[in-house]
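The lines below spell out each chain.
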Amino acid sequence: MSPSLAWLFLVISGITDVAWALATKKSAGFTEPLWAVVSLVLLVVFIALLTKALTVLPLGTAYAVWTGIGAVGSLVAGIVFFGESTDAVRLTFAAVTILGVVGLKVSS
């Protein structure tokens, strides 16, 4: 697998991780069967994509990028779908996270 394809898999895995977090929240502690199933399917998909990407990419950088996508993506999803806080401190630390992820990617 080429590094470009591995990075694509990693980004798709990160986005799928955000979808998984949303589905897990919607499952209400796995009491909503449809959302519970969606959550489990998304979990398998993002783990499979992450596993494939890690066969080529450096572990530390790839995992940090993947975690950043999941963290910032989940923060944005929480704001958009659940009306979570948009206070300046949260958004500042999200920006710092993005800066760190970009820095790791550029330096690898």
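Residues numbered from 1 in each chain as written. Predicted model: local features only at pLDDT ≥ 70, side-chain atom pairs only at ≥ 80, totals over all residues. Heavy atoms only, no water.

Things to note about a nonpolar patch on the surface
So, point 1. Taken together, the side chains of Met 1, Leu 5, Leu 8, Ile 12 and Val 56 present a nonpolar region at the surface, about 380 Å² in accessible area.
So, point 2. Given the relative accessible area of 35%, Leu 5 is considered partly exposed. (Patch = residues over 30% accessible without salt bridge, like charges linked within 9 Å, V, L, I, M, F, W, Y side chains within 5 Å. Areas by Shrake-Rupley, 256 points an atom, 1.4 Å probe, with all protein chains shown as cover. Salt bridge = Lys/Arg side-chain N within 4 Å of Asp/Glu carboxyl O. Buried < 20%, exposed > 50% of the residue type's maximum accessible area, 1.4 Å probe, protein only.)

Comments concerning the nonpolar core
So, point 1. The biggest cluster of nonpolar side chains holds 11 residues, and these are Ala 6, Trp 7, Leu 10, Phe 46, Leu 50, Ala 53, Leu 57, Ala 62, Val 65, Trp 66 and Val 101.
So, point 2. Breaking this core down by element, the ones donating at least two residues are helix H1 (3-26), helix H2 (33-54) and helix H3 (59-82).
So, point 3. Those residues in contact with Leu 50 that lie beyond four places of it in its chain are Leu 10, Ser 13 and Trp 66. (Core = buried A, V, L, I, M, F, W, Y, C linked by side-chain atoms within 4.5 Å. Helix = DSSP H or I, 4+ residues; strand = E, 2+ residues; numbered from the N terminus. Contact = heavy atoms within 4.5 Å.)

Some remarks on helix H4 (residues 88-107)
So, point 1. The first and last C-alpha atoms of H4 sit 28 Å apart over 20 residues, in line with the 28 Å expected at 1.5 Å per residue.
So, point 2. The backbone nitrogen of Val 89 has a side-chain oxygen 3.0 Å away, supplied by the residue at the start of H4, namely Asp 87. (Expected span 1.5 Å × (residues − 1). Polar contact = N/O pair within 3.5 Å; in protein donor to acceptor, adjacent residues only side chain to side chain.)

What to know about the packing of aromatic side chains
So, point 1. Applying the stated criterion across every chain yields a total of 3 aromatic pairs.
So, point 2. Arranged with centres 5.6 Å apart and planes meeting at 65°, the rings of Trp 20 and Phe 46 form a pair that is edge-to-face. Of this pair, Trp 20 sits in helix H1 while Phe 46 is found in helix H2, placing the two residues 26 residues apart along the sequence.
So, point 3. Residue classification places Trp 20 among the partly exposed residues on the basis of a relative accessible area of 26%.
So, point 4. Among the aromatic residues, those joined into a ring-pair cluster are Trp 20, Phe 46, Tyr 63 and Trp 66. (Phe/Tyr/Trp six-rings, centres within 6.5 Å; stacked < 30°, edge-to-face > 60°.)

Some remarks on the packing of H3 against H4
So, point 1. Put simply, H3 and H4 touch, their axes get as near as 9 Å, and they point 155° apart. One finds that H3 runs roughly antiparallel with respect to H4. With respect to the hand of their crossing, H3 and H4 are arranged in left-handed fashion. Touching Thr 61, Ala 64, Val 65, Gly 68, Val 72, Leu 75 and Ile 79 of H3 are Arg 90, Leu 91, Ala 94, Thr 97, Ile 98, Val 101, Leu 104 and Lys 105, all from H4.
So, point 2. A per-class count over the contact of H3 with H4 returns 10 nonpolar, 3 polar and 2 charged. (Axes fitted to C-alpha atoms, helices over the stretch in contact; angles between N-to-C directions. Parallel < 35°, antiparallel > 145°, perpendicular 65-115°, else oblique. Left-handed = near helix turned anticlockwise from the far one by under 90°. Nonpolar A, V, L, I, M, F, W, Y, C, P; charged D, E, K, R; others polar.)

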